[in-house]
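# Breakdown of the fold
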Amino acid sequence: MDLNLQNKVALVIASSQGLGKAIAKQLVSEGANVMLTSRDETKLAAVQEELQSLGKGKVSYFPSDITKVEDIQALVQKTRDTFGKIDILINNAGGPPGGTFEQFSDEQWQKAFELNLLSYIRIIREVLPDLKKEGGRIINIASTSIKVPIPGLILSNTFRTGIVGLAKSLAEELAPYNILVNTVAPGRIATDRVAYLDQLKADKQGVSFEQIQEQSRKTIPLGRYGEPEEFAKVVTFLVSDASTYMTGSSFVVDGGMVKSI
Ligand SMILES: NC(=O)c1ccc[n+]([C@@H]2O[C@H](COP(=O)([O-])OP(=O)(O)OC[C@H]3O[C@@H](n4cnc5c(N)ncnc54)[C@H](OP(=O)(O)O)[C@@H]3O)[C@@H](O)[C@H]2O)c1
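Quantities reported herein were computed from a predicted structural model and do not represent experimental measurements.

### Side note on the overall build of the protein
Regarding its fold elements, the protein presents eight helices and seven strands. A globule of 261 residues ought to have a C-alpha radius of gyration of about 18 Å, and the protein, at 18 Å, matches this closely. A buried classification covers 48% of the 261 residues belonging to the protein. Long-range contacts, defined here as pairs at least 24 residues apart, represent 74% of the contacts in the protein between residues at least 6 apart.

### Some thoughts on the domain arrangement of the protein
One can read the domain layout of the protein as domain 1 (9-187 + 227-250) and domain 2 (190-225). The interface is formed by eleven residues belonging to domain 1 together with nine residues belonging to domain 2. Where domain 1 touches domain 2, the interface holds one salt bridge. One salt bridge in this structure joins E230 and R224, with 2.8 Å as the shortest N-O distance. Residue composition of the side of domain 1 that touches domain 2, grouped by class: five nonpolar, four polar and two charged.

### A closer look at the site of the ligand
Contacts to the ligand come from 27 residues, most closely from S38, A93, R160, I189 and T191. One of the side-chain N or O atoms of R160 is found 2.7 Å from an oxygen atom in the ligand. Of the residues in the shell around the ligand, the class split is ten nonpolar, eleven polar and six charged. Shared between two domains, the shell around the ligand takes at least three residues from each, and those domains are domain 1 (9-187 + 227-250) and domain 2 (190-225).

### Remarks on helix α5 (residues 154-174)
Here α5 is 21 residues long and its end C-alpha atoms lie 30 Å apart, about the 30 Å a rise of 1.5 Å per residue gives. Check the buried side of α5 and you find it contacts α4 (106-134), β5 (136-141) and β6 (179-186).

### Notes on the sheet that holds β6
Overall, parallel pairing links the seven strands, which are arranged β3-β2-β1-β4-β5-β6-β7 in an open sheet. Every other strand in the sheet has two partners, leaving β3 (59-61) and β7 (250-253) as the edge strands with one partner each. With direction set aside, neighbouring strand axes in the sheet form an average angle of 20°. Contacts from α5 reach β5, β6 and β7 within the one sheet, and its direction differs from that of β6 by about 160°. Where helix α8 (residues 228-239) meets the sheet, it contacts β4 (88-91), β5, β6 and β7, and its direction lies at approximately 150° from that of β5.

### What to know about the packing of aromatic side chains
Throughout the structure, instances matching the rule amount to three aromatic pairs. Ring geometry for W109 versus F159: centroids 5.9 Å apart, planes at 70°, classification edge-to-face. One end of the pair, W109, is in helix α4; the other, F159, is in helix α5, and 50 residues separate them in sequence. You'll find W109 and F159 in the same group, each marked buried. One aromatic cluster is present, built from ring pairs that chain together F101, W109, F113 and F159.

### A word on α8
Between its terminal C-alpha atoms α8 stretches 17 Å, which fits the 16 Å expected from twelve residues at 1.5 Å a residue. Those residues of α8 that sit buried are P228, F231, A232, V235, T236, L238 and V239. For α8, the buried positions fall inside an angular range of 160° around the axis, keeping them on one side. Buried residues along α8 sit against α1 (18-29), β4, β5, β6 and β7.

Basis of the calculations
- Residues take numbers from 1 onward in each chain, read along the sequence in its written order.
- Per-residue local features are limited, in this predicted model, to residues with pLDDT of at least 70; the limit for side-chain atom pairs, both in listing and counting, is 80 or more; totals at the level of whole chains, interfaces and linings are taken over all residues.
- Excluding hydrogens and water, the side-chain figures rest on all heavy atoms present in the structure.
- Under the DSSP-based scheme used, a helix requires at least four consecutive residues in state H or I and a strand at least two consecutive residues in state E, with every element numbered from the N terminus.
- Restricting the calculation to C-alpha atoms gives the radius of gyration, and the globule rule supplies 2.2 Å times the number of residues raised to the power 0.38.
- Relative accessibility thresholds used throughout: buried, under 20% of the residue-type maximum; exposed, over 50%; partly exposed, between the two (1.4 Å probe, protein chains only).
- Throughout, a contact is declared for two residues whenever any of their heavy atoms are within 4.5 Å.
- Domain delimitation in this document rests on an assignment produced automatically or drawn from a domain database.
- A side-chain nitrogen of Lys or Arg and a carboxyl oxygen of Asp or Glu constitute a salt bridge if their distance falls within 4 Å.
- In the scheme used here, Gly and all other residues not listed as nonpolar or charged are polar, with Ala, Val, Leu, Ile, Met, Phe, Trp, Tyr, Cys and Pro taken as nonpolar and Asp, Glu, Lys and Arg as charged.
- Any residue with a heavy atom positioned within 4 Å of a molecule or strand is treated as near that molecule or strand.
- As used in this structure description, the phrase polar contact means that two N or O atoms lie within 3.5 Å; if the pair is within protein, one of them must be able to donate a hydrogen and the other to accept it, and residues adjacent in sequence are counted only when both atoms belong to side chains.
- Expected span of a helix, by definition, is 1.5 Å for each gap between consecutive residues, and there is one gap fewer than residues.
- A strand pair is defined by DSSP finding two or more bridges across the two strands.
- Whenever a helix is involved, its axis is fitted only over the stretch in contact; in every case the axis is a line through C-alpha atoms, and angles between N-to-C directions fall within 0 to 180 degrees.
- Pairing of aromatic rings covers Phe, Tyr and Trp, the last counted by its six-membered ring, and requires centre-to-centre distances within 6.5 Å; plane angles under 30 degrees mean stacked, over 60 mean edge-to-face, and any other angle means tilted.
- The arc in question is the one traced by the directions running from the helix axis out to the C-beta atoms.

Given below as structure tokens:
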């Protein structure tokens, strides 16, 4: 199976750590040229160095806050200027805070909307002229909350399902341009975000972090958290030439955790 990712250009959002970084690394190791972005320039510079040392695709970075439309515009322009085109967009973001309905004000709802849904919309709008030229791929990173709402994560439960509706509509609207749009939902992949959520749960229940992780592993048929690399490989397949007939679909990478059909 030929992934044919050499010299493809990928813009990977929220790639200074965690899932975004793992996806960027996998794409670079397959020969793609990658633009990294997040708010933290120091972290981005370190990731660029690490990925460039693989000796495969080229890596550049541009700091941006994806809740700001002018940052998004500058980021996309920088990607064009650096690599001459954009073939692949990986939409990703930091997670919203954990909490239940009565804990959140309008302002917090607005913030989560801007970070976890509006940013995806704005970035797609900005990248679209590039993708339309020769066809392309859009992957939106979501959460298994698109299948089963997660208790105590109402902001995620609300906005991630919006991503799926967006992707499904776009899959139809953009199919004439050969732009494939899919959603990939992590279950429990071992990153800082998951550690934060486990700590939150531990504090709430008055038990240790390790006890929460043990409980959590018991809900996963494969009996362990996933590694970021395992998640990144699925995304890499979906944006490669090995995947040409799937669009508008949602894929969970969760070790069997989601029990719905
Ligand atoms: N890991 C999992 O198993 C899992 C499960 C379900 C859902 N998810 C979701 O998948 C996404 C990625 O997860 P992760 O585990 O990789 O999270 P993470 O380790 O917390 O990484 C989040 C990334 O988002 C960037 N970011 C945050 N706010 C940003 C902003 N305003 N502008 C630009 N970049 C921003 C951060 O970089 P800077 O701080 O440098 O800006 C960082 O690179 C999150 O939305 C998370 O909720 C993950």
